[in-house]
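Residue-level listing of the chains:
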Amino acid sequence: MALKIVKGSIDRMFDKNLQDLVRGIRNHKEDEAKYISTCIDEIKQELKQDNIAVKANAVCKLTYLQMLGYDVSWAAFNIVEVMSSSKFTYKRIGYLAASQCFHESTDVIMLTTNQIRKDLSSPNQYDTGVALTGLSCFVTPDLARDLANDIMTLMSHTKPYIRKKAVLIMYKVFLKYPESLRPAFPRLKEKLEDPDPGVQSAAVNVICELARRNPKNYLSLAPLFFKLMTSSTNNWVLIKIIKLFGALTPLEPRLGKKLIEPLTNLIHRALDLLYGMVSKKNLMEIVKKLMLHVDKAEGTTYRDELLTKIIDICSQSNYQYITNFEWYISILVELTRLEGTRHGHLIASQMLDVAIRVKAIRIFAVAQMATLLDNAHLLTGNMQRNGICEVLYAAAWICGEFSEHLENPMQTLEAMLRPKVATLPGHIQAVYVQNAAKLFSTVLKSQEGSTEGTAAQETSQLMIDRLPLFVQSANLEVQERASCILQLVKYIQKLQQKEVEVAEEVSALFAGELNPVAPKAQKKVPVPEGLDLDAWINEPPSESESEDEQPKAIFAKEEPKHSRSRHTEVDEKELARRREARKQEQANNPFYIKASPSSQKVYQESPGVEHIPVVQIDLTVPLKVPGLPMSDQYLKLEEERRQKERADKKKKEKKKRKEKRSGRGRRHDSGPESEEDITPAHMVDIVTEEMPETYILPTPDNRLLTMSSTSIFLFFFIEQKSSKHKKKKQKKEKEEKEKKKKKKHHHHHRHHSDGGADESVQNGTVEDEEPLPVSMCLTLNHKVCDIQGNLQDGSQVVVSVIFENKCDSLLKSMEFNVLDSLNSKLQRPEGSGPHDGFTVPFQLPPGVSNEARLVFTVQSIVMPQKMKGTLTFIVKNEDSSIHEKLDFKLHFTCTSYLITTPCYSDAFAKLLESGDLKCSSVRLEEVNMPFHHLLARICFHHHFSVVERIDSCASMYSRSIQGHHVCLLVKTTVSIDAKCDEPTLLGNVLDEIKQTFSQC
Amino acid sequence: LKTMRFMLLFSRQGKLRLQKWYTATAERDKKKMVRDLMQIVLARKPKMCSFLEWRDLKIVYKRYASLYFCCAVEEQDNELITLEVIHRFVELLDKYFGSVCELDIIFNFEKAYFILDEFLMGGEIQDTSKKSVLKAIEQSDLLQEVSCIQY
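Chain B has the name AP complex subunit sigma in an unreviewed UniProt entry, where Gouania willdenowi is given as its organism. Chain B has a UniProt comment under Sequence similarities (unreviewed entry) that states "Belongs to the adaptor complexes small subunit family." In the Subunit (unreviewed entry) part of its UniProt record, chain B is described as follows: "Adaptor protein complex 1 (AP-1) is a heterotetramer composed of two large adaptins (gamma-type subunit AP1G1 and beta-type subunit AP1B1), a medium adaptin (mu-type subunit AP1M1 or AP1M2) and a small adaptin (sigma-type subunit AP1S1 or AP1S2 or AP1S3)."

Per an unreviewed UniProt entry, chain A carries the name AP-3 complex subunit delta-1 and comes from Gouania willdenowi. Annotation of chain A in UniProt includes, under Sequence similarities (unreviewed entry), the sentence "Belongs to the adaptor complexes large subunit family."

Structural data, given as structure tokens:
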């Protein structure tokens, strides 16, 4: 209340306060200068009054006007008056005005010395604080000289608030009055260990700045700073200290060594950040910077760290950010020039991965690898001891496997058979030999096509001349392959001498393309009945066998079996060791693809490379391999390309604009391109991790031969209605894809076939046994949906949906929703309503696919289910985003609830005799196929297994996830008699069977 | 040789809202520098880099709503930490005024200065703790009210 009264009386007393002034200026936009000049007149009047409050108010207004650019130097003395007020309110304004308006040539400053000294020693810390703050802005050499002692005393003030200000202002004082430094320095040094972190960081700041000017004098402080650097958690302080060390290390080289560890820790943190900040746009630039560091790096450890980071960054999320794979291959090739790196394996695996998975790049990759092979001697000074020779493994394999792309296969073949190859590690030689054979077949093919037969014979002779070297190899693998191939070539030569054309047959040896296999694909292959994966095929070798003898394990079969009794129990350690060995073997095997970074770590840990002592050769100039491209040129090209694209786009946009003036208004102008604008340089076909699962699936007809009784198939149909907001372009795409729409992909998965699992399914008690997956695949407007359902217990179905974005825009905010029926419900996250959708937890850049899992609860399985659903998502284009909607239907057939379960004929007979089963029958019309095909089809599509087959009829059995028995008797007259304990289910299953056969 | 030479706050319309000079500069030079710099910074597109080299200085600026925060540092200084300083200052203003806007700074410009002075002194960071800076300001404000009542 008192405050209000006081404030009111002040307001009345003043003509204008600061707020009024500001408001007034804002209201007089047209005649600002005139308005302000009247204000200044008023202020001059106010300053003439004795009342300090009025003066302070006037000074406050002047400070504002000063900022607007008006000269207020005439009021300097009034400012000093306000500064000297005993009231903090006015003192504060006075010092503020002084700090804004005073400079070294302001003559009234010399009047302030005593006032400032008085304020510095004020019992009120805020008086002191205000004085120090003000002084920091207008300190002159005279003030510095006169007040140095007072400030020095303040450095030991009891209040940290004052101490830190005093420490900071000391720097200003030193600059203006250098003589003060010597007496003040010991106290300043003390402050480095001040208990208050604010004071401490202030002291660090001041000393760092001083040291930058004259580093020599501060060398003695290095240990203290080192301690601070390793103990401080304050980033601001750390930055200062590092800056200081930057000034100190040139003077004291020993410091550099000590700093390596803490600094590399910091650098690693920075590198980790890089990993997250790359985008399509900046990847090349960032990698270029890192490559520069690689060249400059002195320690091999740091260089290796950079190398792994480069590869990590580039390969993350399935090479998501790489737009130009030629560039990436060039980077990898450049990395091979690193002497003494431990990560040859890593580079090799990347080369293999890219060459296999990015088809479009193969021609380029092969050319690069051929050059690499040709220059192998440059790469590998001391071959055995150099981890980088691992890349030759990849190079040889790529050149062999994709030899049809080689420009000069003969030359590469020659390079692969050089005597020096025999000094490479055994596993690499083995790959050389094998791929030399592949190359040989390619060369033969080309030479036989031409007129001269002698060339082909010469090639054979070359093989025959060179291979014996490998036959003598100490490495068994090399020896075996070489002798095998040598004999083959000798035989070929014989045929050639009889002028028989052999090239076709030789190339048949290596025919067929190797497809990449996703890491998870193996899981999808069913385990054949009776195969126990956990049982040993051969007993493990005894512990006493040394590592060197390990290759002999290949021939373990031939070893006497006396060790068996001793090793029936295998301890955990041994298992782990074997697992490790297996992993390593897989790492060396190009047919295993390891896309995830975690598995790449395996390479680094492989003992073979780790334990090789690394020779450190520090080359200041990186080795340049002749004929290899520099990755930099891609950066340039890329820039040019993007620029061109941008220009093209602009042109197009202009055109478009002309065409339809009234069209949409929102468009980027010349602003910098967004991430989505960048199109890949060549359309590369990256096989994503999920793809092989569908792609390598055998067609149903193949499957007939190998089908196991444990498989289950479930079809989902998604029917697509037209979506709204169609653009012309999209419509075209859609029409094409519409044709594929009904295409069904069949998935084949396994489930546990042991009795325990069945029981748990029945009771619905045990949660997760091996899930029973269900699948479908079809092409939608924008994506391929691939649904894999998992039937866990009697009532739960897990559906995995794979979304693949086939359009050129980013898809985001996807929401998957279905209309629940009484029987089937989508399980939604806790707290969401029954109509909320399932938010797909990722976005989809073009060409990327990802998987989401949905859980459904199903009560009754006797009837087929159709669930209506919608998928909403936002299509983000270059210039706009559209909300799109797709309607679909999820179709759970009754067949999908059946599990192929084997049944013995006696049990089957008992079941039929029990009399609990209801009977039904059906006739299939117009089915003209062999009886065994018919049976196989029923097995395949409807998850039955054949119990017994007698001439003209067969009995079949299957079982539902809720434990219903379904028995069929199929006759060659194509009639089916069926029995089941649930008539509705039976009826539906029979209908579905009928449906299957009516379609073919 | 100073960490920070000056800090400017100006609006999109080119109106100066706050200026703090950490080295003594003649009034005429100040005016010219402010004018030139505002012209350069305001002409830059939103996606352009926050750092630029200007005369012998490095300019670090960032736009918050309608207000540009602009700092000049020495060439060998770190731009990123300067950006961090700017942001910390904005955070302080925001805490003090409660979701700060340009008008807060226009009408309470002396308060904005007080906050800046508690945070930076002579171009050096005084305290990296937001809490302790705000505490000092609150205490001083309290003192001001008390002396007001006494009056």
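## Structural notes on the overall build of chain A
Secondary structure summary: chain A contains 39 helices and 16 strands in total. The buried share among the 1000 residues of chain A stands at 50%. For chain A, long-range pairs separated by at least 24 residues make up 69% of all intrachain contacts whose partners lie at least 6 apart in sequence.

## Some details on the overall build of chain B
From N to C terminus, chain B includes five helices and seven strands. Seen in sequence order, chain B has helices and strands lined up from the N terminus as β-β-α-β-β-β-α-α-α-β-β-α. Split into buried and exposed, the 151 residues of chain B put 57% on the buried side. Sequence separation of at least 24 residues holds for 51% of the intrachain contacts in chain B that already meet a minimum separation of 6. On chain B, roughly 6600 Å² of surface is accessible, and the fraction owed to carbon and sulfur atoms is 51%.

## Concerning the interface of chain B and chain A
Interfaces are frequently sized by the accessible area removed from exposure as the parts join. Taken together, the contact pairs 56 residues of chain B with 56 residues of chain A. The contact between chain B and chain A buries some 5300 Å² in all, and 60% of this surface belongs to carbon and sulfur atoms. Here chain B and chain A share six salt bridges between them. Notably, a salt bridge pairs Arg92 of chain A with Asp141 of chain B, separated by 2.9 Å at the nearest N-O pair. Linking chain B to chain A there are 16 residue pairs in polar contact (both at pLDDT 80 or more).

## A closer look at the sheet that holds strand E5 (residues 67–73) of chain B
Residues and elements named next belong to chain B. The strand order E2-E1-E5-E4-E3 describes an open sheet built from five strands, whose pairing is antiparallel. Each edge of the sheet is formed by a strand with only one pairing partner; in this case those strands are strand E2 (16–21) and strand E3 (51–54). This sheet shows a mean twist of 20° between the axes of neighbouring strands, independent of strand direction. Bridging between strand E1 (residues 4–11) and E2 involves five bridges; their strand directions are antiparallel. Note on E2: the bridge partner recorded for Met7 is Lys20. The sheet contacts of helix H2 (residues 79–97) involve E1, E2, E3, strand E4 (57–64) and E5, and relative to E4 the element is tilted by about 35°.

## A closer look at the packing of aromatic side chains
Residue and element names in this part refer to chain A. One pass over the structure, following the stated rule, counts 16 aromatic pairs over all chains. The interplanar angle of 55° and the centroid separation of 6.0 Å between the aromatic rings of Tyr319 and Tyr328 together place this pair among those described as tilted. No difference in accessibility class separates Tyr319 from Tyr328, as the two residues are buried. Members of the aromatic cluster, connected to one another through ring pairs, are Tyr319, Phe325, Trp327 and Tyr328. Lying across the ring of Trp74, Lys44 places its NZ or CZ 4.9 Å from the centre.

## Overview of the packing of helix H15 (residues 253–277) of chain A against helix H17 (residues 300–319) of chain A
Residue and element names in this part refer to chain A. Interaxial distance between H15 and H17 falls to 10 Å at its minimum, and their mutual angle equals 15°. Accordingly, the angle class assigned to the pair H15 and H17 is roughly parallel. The chirality of how H15 crosses H17 is right-handed. Residues Ile267, His268, Leu271, Asp272, Leu274 and Tyr275 of H15 touch H17, and the partners they reach there are Tyr302, Glu305, Leu306, Lys309, Asp312, Ile313 and Gln316. Split by residue class, the contact of H15 with H17 holds seven nonpolar, two polar and four charged.

## So, the pairing of strand E15 (residues 965–971) of chain A
Residue and element names in this part refer to chain A. Bridge count between strand E14 (residues 953–960) and E15: seven bridges; the pairing is antiparallel. By the bridge assignment, Ser958 is partnered in E15 with Val966. The pairing of E15 with strand E16 (residues 975–980) spans five bridges and is classified as antiparallel. Looking across to E16, one finds that Val966 is bridged to Cys980. Here E15 folds back onto E16 in antiparallel fashion, the turn holding three residues, of which Val974 has a positive phi close to 50°.

## Things to note about unusual backbone geometry
Residues and elements named next belong to chain A. The residue Glu499 is not glycine, and still its phi comes out positive at about 55°. Note on placement: Glu499 falls in the loop between helix H26 (476–497) and helix H27 (503–508). One non-glycine residue, His943, adopts positive backbone phi at about 65°. Here His943 lies in the loop between helix H38 (931–942) and strand E13 (945–950). A residue is classified by how much of its surface remains accessible, and His943, at 0% relative accessible area, is buried.

## Some words on the nonpolar core
In terms of nonpolar packing, the biggest core is built from 149 residues, with Phe102, Phe138, Phe225 and Phe245 of chain A together with Phe89 of chain B touching the most fellow members. What Phe89 of chain B contacts, discounting residues up to four positions off in sequence, is Met7, Leu9, Leu18, Phe69, Ala112, Ile115, Leu116 and Phe119 of chain B. In terms of nonpolar packing, the next biggest core, distinct from the first, is built from 93 residues, Val294, Ile361, Leu392 and Ala482 of chain A among them.

## Considering the confidence of the model for chain B
For chain B, the mean per-residue pLDDT works out to 87, and 94% of the residues sit at or above 70. Interface confidence for the predicted complex, expressed as ipTM, amounts to 0.90; the pTM equals 0.49.

## Details of a nonpolar patch on the surface
All names here are of chain A. A cluster of nonpolar side chains, contributed by Phe77, Met110 and Leu111, occupies part of the molecular surface with about 350 Å² of accessible area. Topologically, Phe77 is positioned in helix H5 (residues 76–83). Relative accessible area serves as the criterion here: at 45%, Phe77 is assigned to the partly exposed category.

## What to know about helix H12 (residues 197–213) of chain A
All names here are of chain A. Counted at 1.5 Å a residue, the expected span for H12 with its 17 residues is 24 Å, and the 25 Å between its end C-alpha atoms agrees. Judged by how many residues are buried, H12 sits mostly within the fold: 14 of 17 residues are covered. Of the residues flanking the start of H12, the one acting as N-cap is Asp196, its side-chain oxygen 2.9 Å from the backbone nitrogen of Gly198.

## What to know about empty space enclosed by the protein
This structure, assessed with the given rule, holds 16 cavities of 30 Å³ or more. Quantified by volume, the second largest cavity comes out at close to 210 Å³. As for the second largest cavity, its lining consists of 19 residues, and the residues nearest its centre are Lys240 of chain A together with Thr3, Ile81, Val85 and Ile125 of chain B. With five residues, helix H14 (residues 235–248) of chain A is the largest single contributor of residues to the lining of the second largest cavity. The residue inventory of the lining of the second largest cavity, partitioned by class, reads eight nonpolar, seven polar and four charged.

## Some points on the state of the cysteines
The full count for this structure, using the stated rule, is zero disulfides over all chains. We note that Cys70 of chain B lacks a disulfide partner, and the nearest cysteine sulfur, in Cys71 of chain B, lies 6.8 Å from it.

## Let's talk about helix H39 (residues 983–999) of chain A
Residue and element names in this part refer to chain A. Helix length check: H39 (17 residues) gives 24 Å between terminal C-alpha atoms against 24 Å at 1.5 Å per residue, within 8%. Along H39, the positions that sit buried rather than exposed are Leu985, Leu986, Asn988, Val989, Leu990, Glu992, Ile993, Thr996 and Phe997. Close packing links the buried residues of H39 with strand E11 (898–899), strand E12 (918–923), H38, E14, E15 and E16.

## Side note on the pattern of salt bridges
Evaluation of the coordinates by the stated rule reveals 35 salt bridges over all chains. In this structure, the salt-bridge partner of Glu74 of chain B is Arg5 of chain B, at a minimum N-O distance of 3.0 Å. Here Glu74 of chain B is found in the loop between E5 and H2, whereas its partner Arg5 of chain B is found in strand E1, with 69 residues between them in sequence. By relative accessible area, Glu74 of chain B is classed as buried at 9%. On the basis of relative accessibility, which here comes to 22%, the residue Arg5 of chain B falls in the partly exposed class. In this structure, Asp141 of chain B engages Lys111 of chain B in a salt bridge whose closest nitrogen and oxygen atoms are separated by 3.6 Å. Separated by 30 residues along the polypeptide, Asp141 of chain B in helix H5 (residues 130–150) and Lys111 of chain B in helix H4 (residues 109–119) bring together distant segments of the chain. Lys111 of chain B matches Asp141 of chain B in its accessibility class, with the two residues each being buried. It is possible to trace a salt-bridge network through shared partners that takes in Glu209, Arg212, Lys240 and Lys243 of chain A together with Asp77 and Glu124 of chain B.

Conventions we followed
Residues numbered from 1 in each chain as written. Chains lettered and ligands numbered in written order. Predicted model: local features only at pLDDT ≥ 70, side-chain atom pairs only at ≥ 80, totals over all residues. Heavy atoms only, no water. UniProt positions renumbered as here; feature names shortened; annotations may be inferred. Helix = DSSP H or I, 4+ residues; strand = E, 2+ residues; numbered from the N terminus. Buried < 20%, exposed > 50% of the residue type's maximum accessible area, 1.4 Å probe, protein only. Contact = heavy atoms within 4.5 Å. Areas by Shrake-Rupley, 256 points an atom, 1.4 Å probe, with all protein chains shown as cover. Buried area = accessible area lost by both parts, 1.4 Å probe. Salt bridge = Lys/Arg side-chain N within 4 Å of Asp/Glu carboxyl O. Polar contact = N/O pair within 3.5 Å; in protein donor to acceptor, adjacent residues only side chain to side chain. Pairing = 2+ DSSP bridges. Axes fitted to C-alpha atoms, helices over the stretch in contact; angles between N-to-C directions. Phe/Tyr/Trp six-rings, centres within 6.5 Å; stacked < 30°, edge-to-face > 60°. Lys NZ or Arg CZ within 6 Å of the ring centre and 35° of its normal. Parallel < 35°, antiparallel > 145°, perpendicular 65-115°, else oblique. Left-handed = near helix turned anticlockwise from the far one by under 90°. Nonpolar A, V, L, I, M, F, W, Y, C, P; charged D, E, K, R; others polar. Core = buried A, V, L, I, M, F, W, Y, C linked by side-chain atoms within 4.5 Å. pLDDT = per-residue confidence, 0-100. Patch = residues over 30% accessible without salt bridge, like charges linked within 9 Å, V, L, I, M, F, W, Y side chains within 5 Å. Expected span 1.5 Å × (residues − 1). 1 Å grid on protein atoms, 1.4 Å probe; cavity = no way out; pocket = protein on both sides within 12 Å on 5 of 7 lines; lining within 4 Å. Points joined across faces, edges and corners; volume = space filled by probe spheres on them. Disulfide = S-S within 2.5 Å.

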